[in-house]
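This is what each chain is made of:
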Amino acid sequence: MIQIKDKEFISYISEEMLLQRVREMGGKISRDFEGQSPVLLGVLNGSFMFLADLAKSISIPVEICFLKISSYQGTNSTGKVKDMSSLDIDLKDRPAIIVEDIVDTGLSMNYLLGKIKKLGPKSVSIATLLTKPDALQHPVKVDYVGFEIPNKFVVGYGLDYDGYGRNLPAIYQLK
Ligand SMILES: O=P(O)(O)OC[C@H]1O[C@H](OP(=O)(O)OP(=O)(O)O)[C@H](O)[C@@H]1O
Ligand code: HPA
């Protein structure tokens, strides 16, 4: 068990399981995009650790850049997406893969899909480490999912509670 600020969390997905699954996802993306060079669009802050491990498991040429949005306060969605991105790459006719740590209510991913599609990419795919099917309020089709998890708040491996816990190498669930 670990404590972050006022909350207690218990072990949920080990570092070994995460890395094994992320490597499988990287392998699948490499096969699916064989002969192409997609752009990985990491969504800050939460995706930084997943994106780093995923990118190392991809064997085709990729470019990497970042978007920055935020919608959570503490353990709840504010229902609004704040966009702080300044995307410095031309996506026109390029395959784009949005890389997220989690699709929870789906609000952020729906916003991102709308934003990226307007830039004229050849295709837009979604890779997320986690989904919470029971929490989804804004439906979205995700192409690559690491783990489907129950509707409980999680931290670690990029995911935070109030800014903390992102550096944990494994994932923990609210007790
Ligand atoms: O499906 P949703 O309910 O929209 O939740 C998912 C979003 O919430 C988290 O971001 P957050 O707003 O916490 O910002 P962060 O990445 O900087 O932690 C996460 O990284 C996703 O972007
Ligand atoms: O369960 C979660 N944990 C951390 N950040 C999040 N953003 C959406 N859902 C979560």
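Residues numbered from 1 in each chain as written. Chains lettered and ligands numbered in written order. Predicted model: local features only at pLDDT ≥ 70, side-chain atom pairs only at ≥ 80, totals over all residues.

As recorded by an unreviewed UniProt entry, the protein chain carries the name Hypoxanthine phosphoribosyltransferase and is attributed to Mariniradius saccharolyticus AK6. In UniProt, the protein chain has this text filed under Cofactor (unreviewed entry): "Mg(2+)". (UniProt positions renumbered as here; feature names shortened; annotations may be inferred.)

> Explain the overall build of the protein chain to me, and be specific about the residues and the numbers.
Helix and strand content of the protein chain: three helices and 10 strands. Listed by position from the N terminus, the elements making up the protein chain come as β-β-α-β-α-β-β-β-α-β-β-β-β. The C-alpha atoms of the protein chain give a radius of gyration of 16 Å, which matches the 16 Å a tight globule of 175 residues would have. On the principal axes, the C-alpha backbone points of the protein chain span a range of 45 × 35 × 25 Å. Sequence-distant contacts in the protein chain: of pairs separated by 6 or more residues, those separated by 24 or more amount to 68%. (Helix = DSSP H or I, 4+ residues; strand = E, 2+ residues; numbered from the N terminus. Rg over C-alpha atoms; globule rule 2.2 N^0.38 Å. Contact = placed C-beta atoms within 7 Å.)

> Any details on the sheet that holds strand 1 (residues 2-4)? Residues and values, ideally.
Strand order in the open sheet made by the four strands is 1-2-10-9, with antiparallel pairing throughout. The open sheet terminates on both sides in strands that have one partner only, identified here as strand 1 and strand 9 (154-155). By the bridge criterion, two bridges tie strand 9 to strand 10 (residues 171-174) in an arrangement that is antiparallel. When the bridges of strand 10 are listed, Val155 appears paired with Tyr172. (Pairing = 2+ DSSP bridges.)

> Account for the UniProt feature "domain: Phosphoribosyltransferase" (unreviewed entry) in the protein chain, with residues named and values stated.
As annotated by UniProt and renumbered to match this structure, "domain: Phosphoribosyltransferase" (unreviewed entry) occupies residues 18-161. Secondary structure across residues 18-161 comprises 24% helix and 35% strand; the distance between its end C-alpha atoms is 19 Å.

> Go over the nonpolar core with me, naming the residues and quoting the values.
Grouped together as the largest cluster of nonpolar side chains are 38 residues, with contacts concentrated most on Leu41, Phe50, Leu54, Ile97, Ile98 and Val99. Non-local contacts of Ile98, meaning those with residues more than four positions away in its chain, are made with Leu41, Val43, Leu112, Ile116, Val124 and Ile126. (Core = buried A, V, L, I, M, F, W, Y, C linked by C-beta atoms within 7 Å. Buried ≥ 20, exposed ≤ 12 C-beta atoms within 10 Å, placed from the backbone.)

> How would you sum up the site of ligand 1? Please name residues and give values.
Taken together, 18 residues sit near ligand 1, with Asn45, Gly46, Tyr72, Thr105 and Ser108 positioned nearest. Listing elements by their share of the shell around ligand 1, those giving two or more residues are strand 4 (63-73), strand 6 (95-103) and helix 3 (107-117). Broken down by element, the shell around ligand 1 gets its largest block of residues, four residues, from strand 6. For the shell around ligand 1, the residue count by class is six nonpolar, eight polar and four charged. (Near = placed C-beta within 6 Å. Nonpolar A, V, L, I, M, F, W, Y, C, P; charged D, E, K, R; others polar.)

> How would you summarise helix 3 if you had to cite specific residues and measurements?
Along helix 3, the residues that are buried comprise Leu107, Ser108, Met109, Leu112 and Ile116. Looking at the buried positions of helix 3, the neighbouring elements they touch are strand 3 (39-44), strand 4, strand 5 (76-83), strand 6 and strand 7 (123-131).

> Talk me through the sheet that holds strand 5; I want residue IDs and the actual numbers.
The pairing of strands in a sheet comes from backbone hydrogen bonds and takes either a parallel or an antiparallel form. In spatial order, the strands read 5-4-3-6-7-8; together these six strands make up an open sheet with mixed pairing. In this open sheet, the two edge strands, each paired with only one partner strand, are strand 5 and strand 8 (144-148). For this sheet, the mean inter-axis angle between neighbouring strands, taken without regard to orientation, is 25°. Across four bridges, strand 7 lies against strand 8 in parallel orientation. Bridging from a neighbouring strand, Ala127 pairs with Tyr144 of strand 8. In this fold helix 1 (residues 15-32) packs onto strand 6, strand 7 and strand 8, with an angle of close to 160° to the strand it touches most, strand 8. Each of strand 3, strand 4, strand 6 and strand 7 is contacted by helix 2 (residues 48-56), which is oriented at about 160° to strand 3, the strand it contacts most. (Axes fitted to C-alpha atoms, helices over the stretch in contact; angles between N-to-C directions.)

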